Amino acid sequence: MLVENAMTPSPMTVNASATVLEAADIMLANRISGLPVVDDKGVLVGMITEGDFLRRHELATDRKRSWLQGWLASPGKIADEYVRSHGRRVAEVMNEHVVVVAPTASLSDAVQLMERNDVKRLPVISDGKLVGIIARSDLLRALTRMQRPSAPSTVDAQIQLAVEAELAKQIWSKNGFIRCRVRNGVAELAGTIFDERERLAAKVAAENVPGVTAISDHLTWIDPYYGVALPPPAGEEDRV
């Protein structure tokens, strides 16, 4: 999926000349935690987020330094912190170093940018213009919109082949100790595992195959150190 398919188009913005309180009001009124900042020509110049309001002198949360901490810190750093905690305009508080993404980038690329730069949202830029924003909440919405593919009209043997093919691709099941048999849409997992985490992974692999309606767990766990075999947990079939 591409960024343009999941982003919020025409996002709410705030002008760099607006006050900090105006930016806070916009965030609260629209229930958002960050705003792209634009200049008078509509060009993206920064981002302001709820994190920029953590250290504010109005809340008495501005950073207090001991004598030693003040001596060790550079005057420039202390001056910068003062501006961010006392600045009244968005331009004085915003982050000017903005990480952006193109609408044609993949969601995987966007997530990598978020993780690498430790940010929760990315402005989407096309031809130098702000066309959208993609945030973690947009990824959640994209996930909920994705519908499970409808099961094709197929026989159990074909479904079983699909499950076996998926298991064969995975490092944790390439040893061939996990087997699957499908009857009436129920995937029966049997064989042995040497790590309990492989049990859930095998179930997930099977339940994502179209046509599987339930999982029946018959996997036996073998302790790799003592060789003790434990039967699968008792319980009903897991419905898909």
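Rules behind the numbers
Residues numbered from 1 in each chain as written. Predicted model: local features only at pLDDT ≥ 70, side-chain atom pairs only at ≥ 80, totals over all residues. Heavy atoms only, no water. Pairing = 2+ DSSP bridges. Helix = DSSP H or I, 4+ residues; strand = E, 2+ residues; numbered from the N terminus. Contact = heavy atoms within 4.5 Å. Axes fitted to C-alpha atoms, helices over the stretch in contact; angles between N-to-C directions. Buried < 20%, exposed > 50% of the residue type's maximum accessible area, 1.4 Å probe, protein only. Phe/Tyr/Trp six-rings, centres within 6.5 Å; stacked < 30°, edge-to-face > 60°.

Chemist: What am I meant to see in the sheet that holds strand β2 (residues 14-15) here?
Modeler: Spatial strand order, β2-β3-β4: three strands in an open sheet with mixed pairing. Looking at strand neighbours, the two that pair on one side only are β2 and β4 (44-49), the edges of this open sheet. Here β2 pairs with strand β3 (residues 34-38) via two bridges, running parallel. Residue pairing across strands places V14 opposite V37, the latter belonging to β3. The sheet strands contacting helix α1 (residues 20-30) are β2, β3 and β4, and the helix crosses β3 at an angle near 135°.

Chemist: How should I be thinking about unusual backbone geometry in this particular structure?
Modeler: Trans peptide bonds make up the majority, and among non-glycine residues the majority have a negative phi. Backbone geometry at R31 places phi at a positive 55°, although glycine is not the residue there. With respect to the helices, strands and loops of the structure, R31 is situated in the loop between α1 and β3. A residue is classified by how much of its surface remains accessible, and R31, at 81% relative accessible area, is exposed. Phi is positive for A60, which is not a glycine, with a value near 60°.

Chemist: Would you mind going over the sheet that holds strand β1 (residues 8-9) with me for this structure?
Modeler: The strands making up a sheet are joined through hydrogen bonds of the backbone, oriented either antiparallel or parallel. The strand order β1-β6-β5 describes an open sheet built from three strands, whose pairing is antiparallel. The sheet is open, and its two edges are formed by β1 and β5 (121-126), each paired on a single side. Relative to strand β6 (residues 129-135), helix α6 (residues 136-145) is tilted by about 70°, and along the sheet it contacts β1 and β6.

Chemist: For this particular structure, what's the right way to read the side chain of D138?
Modeler: By the secondary structure assignment, D138 is in helix α6. In this view, D138 contacts A6, M7, T8 and I133; residues no more than four positions away in its chain are not counted.

Chemist: What exactly am I supposed to notice about the pairing of strand β7 (residues 178-183) here?
Modeler: In the case of a regular strand, side chains alternate between the two sheet surfaces. Burial along β7 is one-sided: I178, C180 and V182 are buried, and none of R179, R181 and R183, which face the opposite way, are. Sheet analysis places β7 next to strand β8 (residues 186-193), joined by six bridges and oriented antiparallel. Paired with R183 across the strands is V186, a residue of β8. Counting the residues that bridge the hairpin from β7 to β8 gives two residues, and of these N184 lies at a positive phi of roughly 55°.

Chemist: Before we go on, may I ask you to explain the packing of aromatic side chains in this structure?
Modeler: Two measures describe an aromatic ring pair: the distance that separates the ring centres and the angle between the ring planes. Going through the model one piece at a time under the given rule, you end up with one aromatic pair. Judged by centre distance (5.7 Å) and plane angle (65°), the ring pair of F177 and F194 falls under edge-to-face. Linking F177 in the loop between α7 (156-168) and β7 with F194 in the loop between β8 and α8 (197-207), this pair joins segments that are 17 residues apart in sequence. Of the residues examined, F177 reaches a relative accessible area of 38% and is grouped as partly exposed. Looking at F194, the relative accessible area reads 34%, which means it is partly exposed.

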